[in-house]
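Chains, contacts and geometry: an overview
Here is how the chains run, residue by residue.
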Amino acid sequence: MRKLGVFICHCGVNIAGTVDVKSVAEEMGRVEDVAHSTDYIYMCSEPGQQIIREAIREKGLEGVVVACCSPSMHENTFRKAVKSQGMNPYLCEIANIREQCSWVHQKDREEATRKAAEIILATLEKVRKNESLEPIAMAIDRRVLVIGGGIAGMTAALDLAEGGYGVVLIEREPGLGGHMAQLSRTFPDLDPALPGLVAKASAVERHPKINLLCYSELEDVKGYVGNFDLTVRKKATLVDWEKCNGCGDCIRDCPVEYASPFERGLGMRKAIDLFYPDSVPSKPVIDREHCQYFLDKGCRRCEEICPKKAINFAQKDERIELKAGAIVVATGYELYPMERLGEYGYGQIPDVIDGLAFERMLSPNGPTRGKILRPSDGKVPKEMVFIQCVASRDPDRYMPYCSRVCCMYTAKHASFYKEQVPDGQPYIFYMDIRSDCKGYEEFLQKTIEERGLLYLRGRVSRVFQDDGKVRVLGVDTLTGRMVEVAADMVVLATAIVPSPGVKDLAAKLRATVDRHGFLTEAHIKLYPVESSTKGIYLAGCGQSPKDISDTVSQASATASKIQALLSTDKLLQDPLIAFVDEGICSGCGICVEICPYEAREMDRRRGISVVHEALCQGCGACIAACPNFACELRNSSASQTLRMVDTFVA
Amino acid sequence: MKGNGAFVKRAMVIGGGIAGISASLDLGNAGYDVVLVEKLPSIGGRMLQLSETFPTLDCAQCTLTPKTVETGQHPRIKLVTYSEVEGIEGKAGDFSVSIRRKAAYVDWERCTGCGLCQQKCPSKNPSEFDRGMGLGKAIYTLSPQAVPNKPVIDPSHCRYFKEGKCRVCEKICPVKAIDYEQKDRLVEERVGAIVVAVGFDLIPKESFGEYGYGELPDLIDGLAFERLNSASGPTTGEIRRPSDGKVPKEVVFIQCTGSRDPERYMPYCSRVCCMYTAKHARLYKHKVHDGQAYIFYMDIRSTGKGYEEFIQQGMEEEGILYLRGRVSRIFRDGEKLIVWGADTLTGRKVEVSADLVVLATAMTPRKEAKELAKKLGIEADDHGFLTEAERKLRPVETKVEGIYLAGCAQGPKDIADSVAHANAAASKVQALFAKH
Ligand SMILES: Cc1cc2nc3c(=O)[nH]c(=O)nc-3n(C[C@H](O)[C@H](O)[C@H](O)COP(=O)(O)OP(=O)(O)OC[C@H]3O[C@@H](n4cnc5c(N)ncnc54)[C@H](O)[C@@H]3O)c2cc1C
Ligand SMILES: Cc1cc2nc3c(=O)[nH]c(=O)nc-3n(C[C@H](O)[C@H](O)[C@H](O)COP(=O)(O)OP(=O)(O)OC[C@H]3O[C@@H](n4cnc5c(N)ncnc54)[C@H](O)[C@@H]3O)c2cc1C
Ligand code: SF4
Ligand code: SF4
């Protein structure tokens, strides 16, 4: 018979206010194999842990139940405490009498006390049969995969590389930079986006520890933290980048032009072109959908002109197999499509554009060389309307959340507009002005004062084309009046949404997304960059909308977490996983089908199912599914569970 | 330990709030030794004072204590609490920092943290930790779960220091740990990098003439409301107003008190008040079902993940009344506080007669932050928030190599952003150490 100890925490008044902890402690003290039972105001505090340590030493305890809060809080604390006295940590169990008892039964002290006692008695049953276990040590791969080459992905990659870790950075576009590459000048200091960005991108391209794979996407992931097996598909650029020297002759000579997505449709690009003019890497790709050769087998002018013979129409997609110990998901954002906004003309009105399009217009390397000219006729707009919160904060029709950056970039846009068109009038429709980061409020106030921006608080109900003008109908909730503006051009600050394809990617990674598709963190406050899947980390706007500064902090944060994770030789994994009674298993294979973590495999030779220890998460799906009761979970065996249930029904 | 040659691969973190703790744990877990210097007797920072936290409304101590305990037990983290940085010399890889370890008047080596002294100490004084609403002892720890769990004597309240008699704690202490003769000590630490995480303060409510210069007892600030709502606070979590202990039926919350007010107070936005005020109003409604909460606001700023939804829920499901406008005056009328304001949406004057008023006062830097910045050779803005090397692309670096920023010391932030910011600072330290 094991000598057991019971330690009951008051959690201040959280538990003791509802549960009569003294009487429960006395009751437990009367249980035959309980050699020590006591209560204390905060078991997790240093003196509380000391009580446990001393009791183990003095009474020679062989198992411990701490009755307190949820094991997700302090299981670790108490397991460490018992371990310091030489007890196997898996002989310490938590009886959750706070979340599962005192908090939910505040009105009934007597019943709560009885229930707390039962929870502890049941946990004692468990501890009686617990085995001493050792964590599973696994070798780890020190390389890191970063998905997405925006400012988030680049920052994470550089931090990790600087920390001495090998990085593979995959970006699905032909060049680095993400949306920051489309920006003109950035708030709050209004310096040009490109120089800083290009410097980062070049550092990524040159870094000996970073393997940059552009025009590439993750195709498949197997494995687990410390040991991911990855397949990356590198799309055919149809240009041999090794040979290409970036001279640009092909681009100049290509006869096919089409509306460039990078320029948000405001400018043109060639069928062979760079991702954008200053793109890093500075190598072109051929777009099969527009290339004349792929349309009618003609043309091939680029092939002729290329001095390096780099054009290769026969190039195929390549599959690359990689290994990594951790993954950063930095897939960024997209803007809510204008085509779905009925009240703003379904994206059909040429002079109604979105924020990124306006950024392109403001960019010196953009389609208008930085001039604000309206798309329909190239005139300088004299009355401009900016509309914030388009499809944001609109739970009934669009997105319920706030996109966090639109207030700021709209002020920036209106300010640039006034700078260029001093006699023009910008109107801004807004709901609340949100300028909540360092220096942002000051930026906003200064801009409003210096530039004479007109803020109208209210929603716009309709935007439509009328006789060369764009009419904007709205209400000013401050005066309660209807407003109508006949504008020359309208800029919509459309909602930030997760980038397309992220749900599929998340499914491959077994990471979770919220209902909008933003990747979910393990804990919103304390683990903001960890995903709920071990070894997978989140950075940037793929987790939620944010500005560049917060994106960069978050990206560096992932790098810190990963360096701590990979700094050891072996990764220790909880051993509370499934095992198979080989004598009973009939080899039916149901568990192989059911396991969500691909942790089950058939051993064909022996005709039984085996558990891959590193993959098993201890979810218990196989235990429920096995028709022969051949699988059990370590320290949660059927007999333990039944005895626990017996305590409650007895 | 990773380390070779002259470049010291050991870091110092100044400030043991959630930011400093997060940075220390990251560095410790990555295998680097860390010296964590905290001014107060124990770590945890402002989060120790909070009750429940937005946006999930989980209990602050439940999320904090696993972190403080882990920090306290971490083999690579050396806690140097009740201490302040005196001076710094050297450069990245070789900083020599002198630290003043304040006299605790308790020998921490001997003290077992039994707490008898605190029980028996006869001196009772308004507790700063409880924002003056509860009573504390002259020999105290910040909380029963304090890490480290060692008390200090506050000589300004201790009867022996003031009147020359008492010495009750000395008599009661079973291990003879009390030492009235203890002096401040200067100690030196050599480190290769420094993370500054000294956090924030609030503008004192005494600064607001229009709100009665802090003389109205039922006019409190946000941290005081956190204490009122805390199970470990002066009212064990019941919402009772300070003047007479009554449960307030009408509560007015005023956002942007001292923020976004360049002419009179701070020009900046304090970033967390919109959210914590919504949280306060919701927590109030959870406890006082028939109470009415009014919130005066300028703009509602709820930009974090899930924050907008949090606000909407408060308005729609819990009937919190938002009034857009500034409050011009608050004065006492019998048992009530009269709040005069304007509702800019209707253009009308509003008057609310309230039982309790909670001011969301501006977050400011710690008052010694500028001084510390000077010692470190880094920059601070006019207010005292520490300045990052570059606003967007280098948000945790300073102009001095080897010195980094974390949390609210750099500017107001919520917990999530403070933690990410601190993790980022730890990443920069790791990169610096890896290079050498
Ligand atoms: C109009 C506008 C103006 C703005 N102005 C400012 C400003 O002035 N100041 C400021 O601080 N912030 C500004 N922002 C915000 C800023 O754009 C973002 O903070 C920043 O770009 C976010 O970077 P990111 O790396 O998270 O995402 P992104 O820039 O979106 O990068 C994500 C990258 O991942 C790639 N990717 C996506 N999915 C995959 C996949 N499955 N596989 C491989 N690669 C993938 C994408 O191609 C992209 O390159 C503005 C935003 C908008 C919309
Ligand atoms: C009323 C109120 C309610 C809030 N509610 C929430 C909420 O619900 N959710 C949320 O996410 N955020 C909330 N916040 C914000 C939250 O408190 C901060 O984000 C967080 O505390 C910042 O942590 P920090 O470590 O940067 O600073 P702090 O918590 O201030 O910690 C700084 C530490 O440094 C120490 N220190 C200071 N100077 C020195 C020095 N010279 N030498 C050594 N040590 C020093 C201090 O003693 C302190 O321990 C709230 C804030 C307030 C005011
Ligand atoms: S417990 Fe879950 S993860 Fe482990 S083998 Fe069974 S089904 Fe798979
Ligand atoms: S000597 Fe001071 S600290 Fe000690 S018990 Fe007396 S008043 Fe309290």
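On a predicted model such as this, the values are computed, not experimentally measured, just so you know.

Calculation rules
Residues numbered from 1 in each chain as written. Chains lettered and ligands numbered in written order. Predicted model: local features only at pLDDT ≥ 70, side-chain atom pairs only at ≥ 80, totals over all residues. Heavy atoms only, no water. Helix = DSSP H or I, 4+ residues; strand = E, 2+ residues; numbered from the N terminus. Buried < 20%, exposed > 50% of the residue type's maximum accessible area, 1.4 Å probe, protein only. Contact = heavy atoms within 4.5 Å. Rg over C-alpha atoms; globule rule 2.2 N^0.38 Å. Pairing = 2+ DSSP bridges. Axes fitted to C-alpha atoms, helices over the stretch in contact; angles between N-to-C directions. Near = heavy atom within 4 Å. Nonpolar A, V, L, I, M, F, W, Y, C, P; charged D, E, K, R; others polar. Parallel < 35°, antiparallel > 145°, perpendicular 65-115°, else oblique. Left-handed = near helix turned anticlockwise from the far one by under 90°. Phe/Tyr/Trp six-rings, centres within 6.5 Å; stacked < 30°, edge-to-face > 60°. Lys NZ or Arg CZ within 6 Å of the ring centre and 35° of its normal. Buried area = accessible area lost by both parts, 1.4 Å probe. Salt bridge = Lys/Arg side-chain N within 4 Å of Asp/Glu carboxyl O. Polar contact = N/O pair within 3.5 Å; in protein donor to acceptor, adjacent residues only side chain to side chain. Domains from an automatic or database assignment. Core = buried A, V, L, I, M, F, W, Y, C linked by side-chain atoms within 4.5 Å. Arc of directions from axis to C-beta.

1. Quick notes on the overall build of chain A
Tallying secondary structure elements over chain A gives 18 helices and 36 strands in all. Viewed in the frame of its principal axes, chain A has a C-alpha envelope of about 90 × 70 × 45 Å. Every one of the 650 residues in chain A was classed for burial, and the buried ones make up 59%. Considering only intrachain contacts with a sequence separation of at least 6, the fraction spanning at least 24 residues in chain A is 69%.

2. Here we look at the overall build of chain B
Helix and strand counts for chain B come out as 10 helices and 24 strands. Whereas a compact globule of 436 residues would reach a radius of gyration of roughly 22 Å, chain B reaches 23 Å, a difference of no more than 12%. Overall, chain B is about 70 × 60 × 35 Å in size when its C-alpha atoms are taken along their principal axes. Considering chain B as a whole, with its 436 residues, one finds that 63% of them fall into the buried category. For chain B, restricting intrachain contacts to residue pairs at least 6 apart in sequence, the fraction spanning at least 24 positions comes to 66%.

3. Regarding the sheet that holds strand β20 (residues 352-354) of chain A
Residues and elements named next belong to chain A. If you walk across this open sheet you meet the five strands as β20-β27-β21-β22-β23, and the pairing is parallel. Among the strands making up the open sheet, the edge pair consists of β20 and β23 (454-457). Within the sheet, the average angular offset between the axes of one strand and its neighbour, ignoring direction, is 25°. Along the sheet, helix α11 (residues 355-362) contacts β20, β21 (383-390) and β27 (489-494); its crossing angle with β20, the most-contacted strand, is approximately 90°. Sitting on the sheet, helix α12 (residues 406-420) touches β21, β22 (425-430), β23 and β27, and the angle it makes with β21 is about 175°.

4. Notes on the site of ligand 4
Residues and elements named next belong to chain B. Around ligand 4 lies a shell of 14 residues, among which Cys 121, Cys 158, Cys 166, Cys 169 and Tyr 180 are the nearest. Those elements that place two or more of their residues in the shell around ligand 4 are α4 (159-163) and α5 (168-172). Residue composition of the shell around ligand 4, grouped by class: 11 nonpolar, one polar and two charged.

5. What about the packing of helix α6 (residues 151-162) of chain A against helix α7 (residues 193-206) of chain A?
Residue and element names in this part refer to chain A. For the pair α6 and α7, interaxial distance at closest approach is 10 Å and the crossing angle is 45°. The angle between α6 and α7 falls in the class oblique. For the crossing formed where α6 meets α7, the hand is left-handed. From α6, Ile 151, Met 154, Thr 155 and Leu 158 reach across to α7, where they touch Leu 197, Lys 200, Ala 201, Ala 203 and Val 204. Here the contact of α6 with α7 is built from residues that sort into seven nonpolar, one polar and one charged.

6. Brief notes about the site of ligand 3
Taken together, Ala 578, Cys 595, Pro 596, Tyr 597, Arg 600, Cys 616, Gln 617, Gly 618, Cys 619, Gly 620, Ala 621 and Cys 622 of chain A are the residues near ligand 3. For the shell around ligand 3, a count of residues per class yields eight nonpolar, three polar and one charged.

7. Thoughts on the pairing of strand β3 (residues 63-68) of chain A
All names here are of chain A. Counted residue by residue, β3 has six buried out of six residues, so it is predominantly covered. Side chains of β3 alternate between two faces, with Gly 63, Val 65 and Ala 67 and Val 64, Val 66 and Cys 68 buried alike. For strand β1 (residues 4-9) and β3, the ladder comprises five bridges, and the chain directions are parallel. Directly across from Val 6, in β3, lies its bridge partner Val 65. As defined by bridge partners, β3 adjoins strand β4 (residues 92-96) across five bridges and the pair is classed as parallel. Residue pairing for β4: Val 64 is matched across the bridge by Cys 92.

8. Section: the packing of aromatic side chains
For the structure shown, the criterion picks out 24 aromatic pairs over all chains. With 5.5 Å between their ring centres and 80° between their planes, Tyr 430 of chain A and Tyr 455 of chain A make a pair best called edge-to-face. Separated by 25 residues along the polypeptide, Tyr 430 of chain A in strand β22 and Tyr 455 of chain A in strand β23 bring together distant segments of the chain. Clustering of aromatic rings is evident, with ring pairs tying together Tyr 105, Tyr 160, Phe 161 and Tyr 180 of chain B. The ring centre of Phe 200 of chain B lies 5.6 Å from the NZ or CZ of Arg 46 of chain B, which sits over that ring. In this arrangement the basic side chain of Lys 102 of chain B is found over the ring face of Tyr 82 of chain B, its NZ or CZ atom lying 4.8 Å from the centre.

9. Here we look at the interface of chain A and chain B
With 73 residues of chain A at the interface, the matching set in chain B holds 73 residues. Between chain A and chain B the total buried area reaches about 6100 Å² when both faces are included, carbon and sulfur atoms providing 52% of it. At the junction of chain A and chain B, the tally comes to 14 salt bridges. Across the salt bridge formed by Lys 438 of chain A and Glu 388 of chain B, the nearest N and O atoms sit 3.1 Å from each other. Applying the counting rule to chain A against chain B returns 42 residue pairs in polar contact (both at pLDDT 80 or more). Those elements that place two or more of their residues in the side of chain A that touches chain B are α2 (46-59), α3 (71-83), α6, α7, α13 (440-451), β29 (521-523), β30 (527-531) and α15 (548-566) of chain A. In terms of residue count, the dominant contributor to the side of chain A that touches chain B is α15 of chain A (12 residues).

10. Some thoughts on the domain arrangement of chain A
All names here are of chain A. Its domain assignment divides chain A into domain 1 (4-133), domain 2 (144-166 + 213-235 + 320-331 + 501-565), domain 3 (249-305), domain 4 (334-497) and domain 5 (577-633). Computed from C-alpha coordinates alone, the two centres of domain 2 and domain 5 are separated by 30 Å. Each partner contributes to the interface: domain 2 provides four residues, whereas domain 5 provides six residues. Here domain 2 meets domain 5 over a buried area of about 420 Å², counting both sides, of which 59% is carbon and sulfur.

11. Points about the nonpolar core
Judged by nonpolar contacts, the single largest core of 122 residues is most densely connected at Ile 286 and Phe 358 of chain A. Of the residues forming this core, the biggest block, eight residues, is contributed by α6 of chain A.

12. As for helix α8 (residues 307-317) of chain B
Owing to its 3.6 residues per turn, the α-helix aligns residues three or four sequence positions apart on the same side. All names here are of chain B. Regarding α8, the residues found buried are Tyr 307, Glu 308, Phe 310, Ile 311 and Gly 314. For α8, the angular spread of the buried residues around the axis is 165°, confining them to a single face. Those residues of α8 that are exposed and angled more than 90 degrees off the buried face are Glu 316 and Glu 317. Close packing links the buried residues of α8 with α7 (273-287) and β18 (321-324).

13. Brief notes about the environment of Ala 161 of chain A
Residue and element names in this part refer to chain A. Relative to the helices and strands, Ala 161 resides in helix α6. Taking the C-alpha atoms as reference points, Ala 161 and Ala 330, 169 residues apart in sequence, are found 16 Å from one another. Look past the residues within four positions of Ala 161 in its chain and what remains in contact with it is Val 167, His 207, Lys 209 and Ile 210.

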